[in-house]
Structures are given as structure tokens and as C-alpha cells.
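Descriptive structure summary
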Amino acid sequence: MNATDRTPADLLRSALAADPGRPLVTFYDDATGERVELSVATFANWVAKTSNLLQGDLGAEPGDRLALMLPAHWQSAVWLLACASVGVVAEVGGDPAGADLVVSGPDSLDEARACSGERVALALRPLGGRFPQPPAGFADYAVEVPGQGDRFAPFVPVDPQGPGLAVGGEELSYAELTARAREDAAKLGLGAGSRVLTGLGYDTWDGLSAGLYAALASGGSVVLCRNLDRLSPEALAQRVESERVTHTL
């Protein structure tokens, strides 16, 4: 990645310019058997569409705070990069009552209704499927995002020194987040072509770094596993081999 990259959105743009066809996020849910692989180009397209939804339809502005009530999931990774593209602060597991917007999975809808601003719900079904019945008071992400534009440009340039991410009681600017991701990648020995398999959640910095940011900062990719505890040691070893994993966390 380029040394001048100062935000996660910069890192994604550099990855797209370098090799758009390589895998970036491979997602497994071992409770459902789901597997989804997103190349850099496909992931960036989801981010662009989600950023247009966030900035356009939802009216989000730089500095707005979004309570992200989602597990470790490929769509969660998309939302984190969309927030960084618009300049919105992603509060992972944040209090919806104090947030300007909320993005919720199916298991936290009641809690998410405490948000007085825009509310978006994700069914987290295989292949990004929609809810059978849209939850009252929420926009269904799977319904709203497909029609969004494939290219995104922020109305206001994102300030790298502005607040970008809140997780585990700590708040990081976009520049701090990017620098820390680079540091983590160096500590783990990640580089271009590295494949990181992780079963960590997205509710801590370590989980976010292992499951997204460190690989993005180093030119690597992620094998993101939800419900990994349901996988036998033999099946895990087979996945490590088949996915050509270089680092396991």
C-alpha cells in the first residue's frame, strides 16, 4: 500500500489500483455453511454503493456517529469502509440512543430502535439476502443498496485527523487507525499475498485489525470466520490448507 495513505478509504483505493481481482475478504459462517469470497473490486463496489446510501439517502455527514450493531461479517466490513469513505464515526457496538444513525443485525433490532435517527437493518442472510418481512421502522439494507451508484465521491473531503472509529472504549482518528493497522501488520509479518484466518469478533480493536484493517494495510487478505468454534480441528486444518492461509489468529 502507499505510504501516503492516511485513511482506510485510501488503503482500499490503493488496493483497487494495485490488483482489483485478488481476494480481499473470504467469509465463512460455520453455523449456516455459508461461504462468500469478495475480490478487492467486488468489495470496493459494495463499499461505494453503501457510501452512496449513507451519504445520499440517509443524509449522513462527516462527524455523524453511527452505532454499528453487527457481528464479524463481510457486510460489517463493508459498513466500516463506507463510514470511512463518508467521514462518519463508526461506533462498534455503540449506544443507539446517542447515535445519529444505527445499523443493526437481526438480533439487535429492539435495542436499535432507541436511535431517533435513520435506522438500517441487515438480515445477514447468505448472499446478502433481504428480510422476508422488512422490520418496522428500519430500511432493509438488501433492498436499498443494489440501486445505489457504483462510484462514490464524498461531498466533503474526509479529514484524516477527524474521529473515525470507536471500539472498546477507545476512539481513533482515521490517521491513527491507519497507522495502527500498519503497525499490527508489521508485528504479524503480513505482506502482499498474506492470508489471515481469524475467528475473532469485531467488538475489539484486535478483532477489527485481524479481520480487516491489518490485511488491508499490508496488501493481504482475510478469511473471516463466524462461529468458528463449531468447526472440528480436522475441518479447520483443511480450511487452512484449501484457503492457503499464511497466518491464523
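Read on for an overview of the structure. (Residues numbered from 1 in each chain as written. Predicted model: local features only at pLDDT ≥ 70, side-chain atom pairs only at ≥ 80, totals over all residues. Heavy atoms only, no water.)

Considerations on the side chain of Ser-104
Keep this limit in mind: Counting from the N terminus, the helices are the DSSP runs of H or I reaching at least four residues and the strands are the DSSP runs of E reaching at least two. Only protein chains enter the accessibility calculation, which uses a 1.4 Å probe; a residue is then buried when its area is under 20% of its type maximum, exposed when over 50%, and partly exposed in between. Pairs of N or O atoms within 3.5 Å make up the polar contacts considered here, provided that, within protein, one atom can donate a hydrogen while the other can accept it, and that residues adjacent in sequence are counted only when both atoms are side-chain atoms. The contact criterion used is simple: two residues touch if any of their non-hydrogen atoms lie within 4.5 Å.
When you line up the elements, Ser-104 lands in strand E5 (residues 101-104). Of the residues examined, Ser-104 reaches a relative accessible area of 0% and is grouped as buried. At a separation of 2.7 Å, a polar atom in the side chain of Ser-104 contacts the side chain of Ser-108. Those residues within four positions of Ser-104 in sequence are excluded, and the remaining contacts are Met-69, Leu-70, Leu-109, Ala-112, Val-120, Ala-121, Leu-122 and Phe-138.

A word on the pattern of salt bridges
Formally: Here, a salt bridge means any side-chain nitrogen of Lys or Arg that lies within 4 Å of a carboxyl oxygen of Asp or Glu.
What the rule picks out here adds up to eleven salt bridges. Taking the shortest distance from any N to any O, the salt bridge between Arg-13 and Asp-10 comes out at 2.4 Å. Placement of the pair is Arg-13 and Asp-10 together in helix H1 (residues 8-18), with a separation of three residues, close to one helical turn. Under the relative-accessibility criterion, Asp-10 is labelled buried at 18%. Among the ionic pairs, Arg-113 bridges to Asp-110, the shortest N-O distance being 3.0 Å. Overall, the relative accessible area of 67% leaves Asp-110 in the exposed class. When salt bridges that share partners are traced, they join Arg-35, Glu-37, Arg-195 and Glu-243 into one network.

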